[in-house]
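Below, each chain spelled out in residue letters.
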Amino acid sequence: MDQDFPVLFSRRGAVAIATLNLPKALNALNLQMIDRLCAQLDAWARDDTVAVVWIDGSGDRALCAGGDVVTLYQQSASYGEAGDGRYNTEFFSREYRLDYTIHTYSKPVVVWGGGIVMGGGIGIMAGASHRIVTETTRMAMPEITIGLFPDVGGSWFLNRMPGRLGLFLGLTGAQFNGADALFVGLADRMVAQDQRDTVLETLAALAFARNVDANHETVSDCLKTFELVSLQRPESVLREHYDQIQQLTDFSSLPAVCRAIRSYQGGDKWLQRSASTLAGGSPLTPWIIWEQLRRARHRSLADVFRMELALAVNLCASGHFKEGVRALLIDKDRAPQWQPASLEEISPEQVARCFDSPWYGEHPLADL
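This one's a predicted model, so the numbers in the text were calculated from it and none came from an experiment.

Visitor: Looking at this model, I keep getting lost on empty space enclosed by the protein. Mind explaining?
Guide: Picture a little ball the size of a water molecule; that probe, rolled over the atoms, points out where space is still empty. Under the counting rule described, the total for this entry stands at 1 cavity of 30 Å³ or more. Each pocket or cavity is described by its volume, and for the largest cavity that value is around 40 Å³. Contributing to the lining of the largest cavity are Gly-57, Gly-59, Asp-60, Arg-61, Ala-62, Leu-63, Trp-112, Gly-114, Gln-193 and Arg-196. Residue composition of the lining of the largest cavity, by class: 3 nonpolar, 4 polar and 3 charged.

Visitor: Is there a simple way to explain the sheet that holds strand 2 (residues 15–20) in this structure?
Guide: Two pairing modes exist for strands in a sheet, parallel and antiparallel, and in both the strands are linked by backbone hydrogen bonds. Taken in spatial order, the 6 strands of this open sheet run 1-2-3-5-7-10, and their pairing is mixed. Of all strands in the sheet, those bounded by a partner on one side alone are strand 1 (7–12) and strand 10 (189–190). Here strand 7 (residues 130–133) runs beside strand 10; their pairing, made up of 2 bridges, is parallel. Residue Ile-132 lies in a different strand from strand 10, and its bridge partner there is Arg-189. Packed on one face of the sheet, helix 9 (residues 212–224) meets strand 3 (52–57), strand 5 (109–113), strand 7 and strand 10 and runs near 15° to strand 7.

Visitor: I keep staring at the packing of helix 6 (residues 165–172) against helix 14 (residues 284–296) and nothing clicks. Help me out?
Guide: With their axes 9 Å apart at the nearest point, helix 6 and helix 14 run at an angle of 155° to one another. Between helix 6 and helix 14, the angle falls in the class roughly antiparallel. The way helix 6 lies across helix 14 gives a crossing that is right-handed. Contacts from Leu-167, Gly-170 and Leu-171 in helix 6 reach Pro-286, Ile-289, Trp-290 and Leu-293 in helix 14.

Visitor: Which parts of the structure should I look at to understand the nonpolar core?
Guide: Soluble globular proteins: nonpolar side chains tend toward being buried together. In terms of nonpolar packing, the biggest core is built from 101 residues, with Leu-20, Trp-44, Tyr-96, Leu-186, Ile-288 and Phe-321 touching the most fellow members. Counting residues per element, this core draws most heavily on helix 15 (residues 301–316), at 12 residues. Excluding its chain neighbours within four sequence positions, the residues that come into contact with Leu-20 are Pro-6, Val-7, Asn-27, Leu-29, Met-33, Leu-37, Asp-56, Gly-57, Ser-58, Leu-63, Cys-64 and Ile-124. In terms of nonpolar packing, the next biggest core, distinct from the first, is built from 17 residues, Ala-51, Trp-112, Val-219 and Cys-222 among them.

Visitor: Explanation requested: the pairing of strand 3 in the structure shown.
Guide: For a regular strand, the rule is simple: side chains alternate between the two faces of the sheet. Where burial is concerned, most of strand 3 is hidden: 6 out of the 6 residues are buried. Side chains of strand 3 alternate between two faces, with Val-52, Trp-54 and Asp-56 and Val-53, Ile-55 and Gly-57 buried alike. Between strand 2 and its parallel partner strand 3, the chain crosses via helix 1 (residues 31–46), and the hand of that crossover is right-handed. Across 3 bridges, the pairing between strand 3 and strand 5 is parallel. For Trp-54, the partnering residue across the bridge sits in strand 5 and is Val-110.

Visitor: Explain the environment of Pro-108 here, please?
Guide: As for its placement among the helices and strands, Pro-108 is situated in the loop between helix 3 (86–104) and strand 5. Owing to a relative accessible area of 1%, Pro-108 belongs among the buried residues under this scheme. With 98 residues separating them along the chain, Pro-108 and Leu-206 place their C-alpha atoms 14 Å apart. Not counting the four nearest positions on each side in its chain, Pro-108 is found in contact with Ala-51, Val-52, Val-53, Ser-129, His-130, Asn-215, His-216 and Val-219.

What counts and how
Sequence order as written defines residue numbering, which begins from 1 separately in each chain. The predicted nature of this model means local features are confined to residues of pLDDT at least 70 and side-chain atom pairs, given and counted, to a pLDDT of 80 or more, with totals for whole chains, interfaces and linings taken over all residues. To get the side-chain values, all heavy atoms of the structure are used, and hydrogens and water are removed first. The pocket and cavity definitions rest on a 1 Å grid over protein atoms only: a 1.4 Å probe that fits but cannot leave marks a cavity, an open set with protein on both sides within 12 Å along at least five of seven lines marks a pocket, and residues lining either have an atom within 4 Å of a point. Grid points are joined across faces, edges and corners, and a volume is the space filled by probe spheres set on the points. Three classes are used: nonpolar for Ala, Val, Leu, Ile, Met, Phe, Trp, Tyr, Cys and Pro, charged for Asp, Glu, Lys and Arg, and polar for all others, with Gly counted as polar. The rule for pairing is simple: two strands pair if DSSP sees at least two bridges between them. Starting at the N terminus, helices and strands are each numbered in turn, a helix being any DSSP run of H or I of at least four residues and a strand any DSSP run of E of at least two. By definition, residues are in contact when any of their heavy atoms lie within 4.5 Å. Every axis in this analysis is a line fitted to C-alpha atoms, fitted for helices over the stretch in contact. Angles between the N-to-C directions lie between 0 and 180 degrees. Every angle not falling under 35 degrees, over 145, or within 65 to 115 is termed oblique; those three ranges are roughly parallel, roughly antiparallel and roughly perpendicular. By convention the crossing between two helices is left-handed if the near helix lies anticlockwise of the far one by an angle smaller than a right angle, and right-handed if it lies clockwise. We define the nonpolar core as a collection of buried residues of types Ala, Val, Leu, Ile, Met, Phe, Trp, Tyr and Cys that are connected through side-chain atoms lying within 4.5 Å of one another. Burial classes follow relative accessibility: with a 1.4 Å probe on protein chains only, a residue under 20% of its type's maximum area counts as buried, one over 50% as exposed, and anything between as partly exposed. Consider the strands pointing away from the viewer: the crossover is right-handed when the path from the first strand over the helix to the second runs clockwise.

Next up, the structure:
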């Protein structure tokens, strides 16, 4: 096994293991990683000697901190010239195809979500059949800071969170922990971070059947024995703030919701950070989030990914994405000059255009 590969593949008995292997970059996804992982999942699906797939990240700092946004920025810098835009279509369509594969995989998929799990990392984790968080887990969908939107199925899983937590997390990019992930349905078990190898060894020693349903039950029963008891878990910030978040988002228009969140004057530091991130973020992103959640509410998972692909490609061509990445990751001055600069200056037509298909022919994800 070549330790220099961006994704490492190995076996322990009937358990097939995929390890994201760019620890210095917090295992952020690039196109090579996406392609290798997707191809290997397809091969393991056909391999009768594989009963369970395990996905984790190299090191203890992160499962995956998101996608390779800088390369997307570089490819988008001169969007409109011959060939430009193709990379972004390829990147997002292949990433979403990977996420959809995990969502619909027949065999058990166990994802170890210790450390940072953000953006594209949540995309990998959200669709797995057995999602493990730890006391070190830190999650977020922080796309508002760079003028994108909560993608990788965010339209699907944010809509399925209790109350309006999904809307709040999308608008604010707020960080949340493993206990929060359990509360909002993004995780199934919380296990101590130092138990990763023990859990993997225990799974590998199990007697699996040829029956996929039976193997799902076997994995579930095994993971349950490692669950951290309540006294060992961090407090759920989202559960603690649930009623307040409901009040802050209880308005019929997006500008009213944003005003309520940005106007928070209390002493709670988590809510203060949430308000600050929304206030400093792209004014286009909140409109996209508001509309994507509305449009996706009754769509199939495949239709959600098709909608998100059009959004992702269109927004990468927008000035907001380019300015957001410039300010946060290129020049690092953290002073984006958004144009337009406010929610009120963005027209409904501008938002609607972001959802238009940028392809004249067949949609790249038409076969999902």
